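Structure assessment
Okay, here's what each chain looks like letter by letter:
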Amino acid sequence: MKITTRRAAVLTFLVVASVTLFFFTQYSADNDPAGTAIAEYIRQNERVMEQAGTVVNADFVRRVSVGPNGPGGYRVYTFIVSGTKAKVTVVVRAESLDGEQPRERYSIESIDP
Amino acid sequence: MESDPIGLAGGWNPYLYAEGNPLRFVDSMGLFSINISYYQGVGGSVNIAYSEGTWEISGKFGLGFGGGVTYSPFGTVSPHAKTTEPGYIYRTAIDAGVSTPFGGTSWRAATPNLFDYDPNGYYTELSPPEFGLEAPRGLSVSFSYGWEFGSYFQRALGLFDPTYSASCPVPAR
């Protein structure tokens, strides 16, 4: 069978789409322990409660990891938070703290309506 | 009145946002990014992103497959774009993504910015598969590796903010 440019392009699209989708379906926010902990942090945060009310749902939107894992690096998580008063976009920064027992500190970077 | 939610990134006094007059100016919030790409072995892409007053515009060329147009209502500027001063960007980046009119997903890895070099300044960005109005969407399937050049600067989104536009001083002729 002669492979035309058009067929090659379609095949390329299919292969790239399949590989990319496979890669992403391997990721789940539930598998990221920090993501789960941050969702809980958002639920209990006073600033979030002031603007959104009691948190009903926190949907994970994006994670940006900057620098190394551990001290010196940080991650920024974006969540869409639905509350009893409003829906807001919450950005949380997570950074590792040095010490005998490694631990993470979370802080709210922004809360946008 | 409450303090500026972007915190000290908007200045040292978080209560002085919107030029000190929250009734006259609107502190334009919001995020978005638009990406246009085309790769057939070689190719390029253009990315425009806005986040809380900071714009980032970059072009990339390199190797890859696929292409299309993607709009992300929660897209944002890269960690290399400072929110207090303008600057330039040069970095190497790998991008992969799939977008449909209903939703999509994307992944990116980038090296430190050459113009503001920090050995720990590499980053990865992941938007997991998401569907709905708030999801990244468009018509695009692409994978690419290449070199990205661009610039970032601060300007409020006056185009979509009539209150702000009406308040901007008009330069004298």
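Residues numbered from 1 in each chain as written. Chains lettered and ligands numbered in written order. Predicted model: local features only at pLDDT ≥ 70, side-chain atom pairs only at ≥ 80, totals over all residues.

1. What about the overall build of chain A?
For clarity, the cut-off: Counting from the N terminus, the helices are the DSSP runs of H or I reaching at least four residues and the strands are the DSSP runs of E reaching at least two. Three exposure classes are used, all based on how many other C-beta atoms lie within 10 Å of a residue's own C-beta (placed from the backbone): buried at 20 or more, exposed at 12 or fewer, and partly exposed between those limits. The contact criterion used here is simple: two residues whose C-beta atoms, placed from the backbone, lie within 7 Å are in contact.
Across its full length, chain A carries 3 helices and 4 strands. Counting over 113 residues, chain A shows a buried share of 32%. Within chain A, contacts between residues separated by at least 24 positions form 43% of all contacts whose residues are at least 6 apart in sequence.

2. Considering the interface of chain A and chain B
Defined as follows: In this count, Pro and Cys sit with the nonpolar residues alongside Ala, Val, Leu, Ile, Met, Phe, Trp and Tyr, while Asp, Glu, Lys and Arg are called charged and the others, Gly among them, polar. Strands pair, by our definition, only if DSSP identifies at least two bridges between them.
Listed by partner, the interface residues are 28 residues for chain A and 25 residues for chain B. Among the secondary structure elements, those contributing two or more residues to the side of chain A that touches chain B are helix H1 (5-25), strand S1 (55-66), strand S2 (74-83) and strand S4 (103-112) of chain A. For the side of chain A that touches chain B, the element with the most residues is H1(A), which contributes 8 residues. Its residues placed into classes, the side of chain A that touches chain B shows 15 nonpolar, 10 polar and 3 charged. The pairing of S1(A) with strand S5 (residues 123-131) of chain B spans 4 bridges and is antiparallel. Residue pairing in the sheet places A:Ser65 in a bridge with B:Thr124 of S5(B).

3. Description of the pairing of S2(A)
All names here are of chain A. Counting buried positions along S2 yields 8 of 10 residues, so the element is predominantly enclosed. The pairing of S2 with strand S3 (residues 87-97) spans 9 bridges and is antiparallel. If you follow Tyr 77 over to S3, its bridge partner there is Val 92.

4. Comments concerning the confidence of the model for chain A
Quick note on the threshold: pLDDT gives the predictor's per-residue confidence on a scale running from 0 to 100.
With 81% of its residues at a pLDDT of 70 or more, chain A shows a mean pLDDT of 82. The least confident element of chain A, judged by mean pLDDT, is H1(A) at 72; the most confident is helix H3 (residues 46-52) of chain A at 94.

5. A look at the environment of A:Asp112
Positionally, A:Asp112 belongs in strand S4. The spacing of A:Asp112 and A:Val90 is 22 residues in sequence and 6.5 Å in space, taken between C-alpha atoms.

6. Considerations on the nonpolar core
Selection criterion: In this usage, the nonpolar core is the set of buried Ala, Val, Leu, Ile, Met, Phe, Trp, Tyr and Cys residues whose C-beta atoms join them within 7 Å.
Grouped together as the largest cluster of nonpolar side chains are 35 residues, with contacts concentrated most on A:Ile42, A:Phe79, A:Val81, A:Val90 and A:Val92. Only helix H2 (33-44), H3, S1, S2 and S3 of chain A together with strand S1 (31-51) and strand S3 (87-100) of chain B provide two or more residues apiece to this core. Broken down by element, this core gets its largest block of residues, 6 residues, from S1(A). In this view, A:Val92 contacts A:Ile38, A:Tyr41, A:Ile42, A:Tyr77, A:Tyr106, A:Ile108 and A:Glu109; residues no more than four positions away in its chain are not counted. Counting residues in hydrophobic clusters, the runner-up holds 5 residues, among them B:Ala96, B:Val98, B:Val141 and B:Phe143.

7. Considering the pairing of S3(B)
All names here are of chain B. Bridge count between S3 and strand S6 (residues 137-154): 13 bridges; the pairing is antiparallel. The residue of S6 that forms the bridge with Ala 93 is Gly 146. Bridging between S3 and strand S4 (residues 103-110) involves 8 bridges; their strand directions are antiparallel. Opposite Thr 100, over in S4, you have Gly 103 as the bridge partner.

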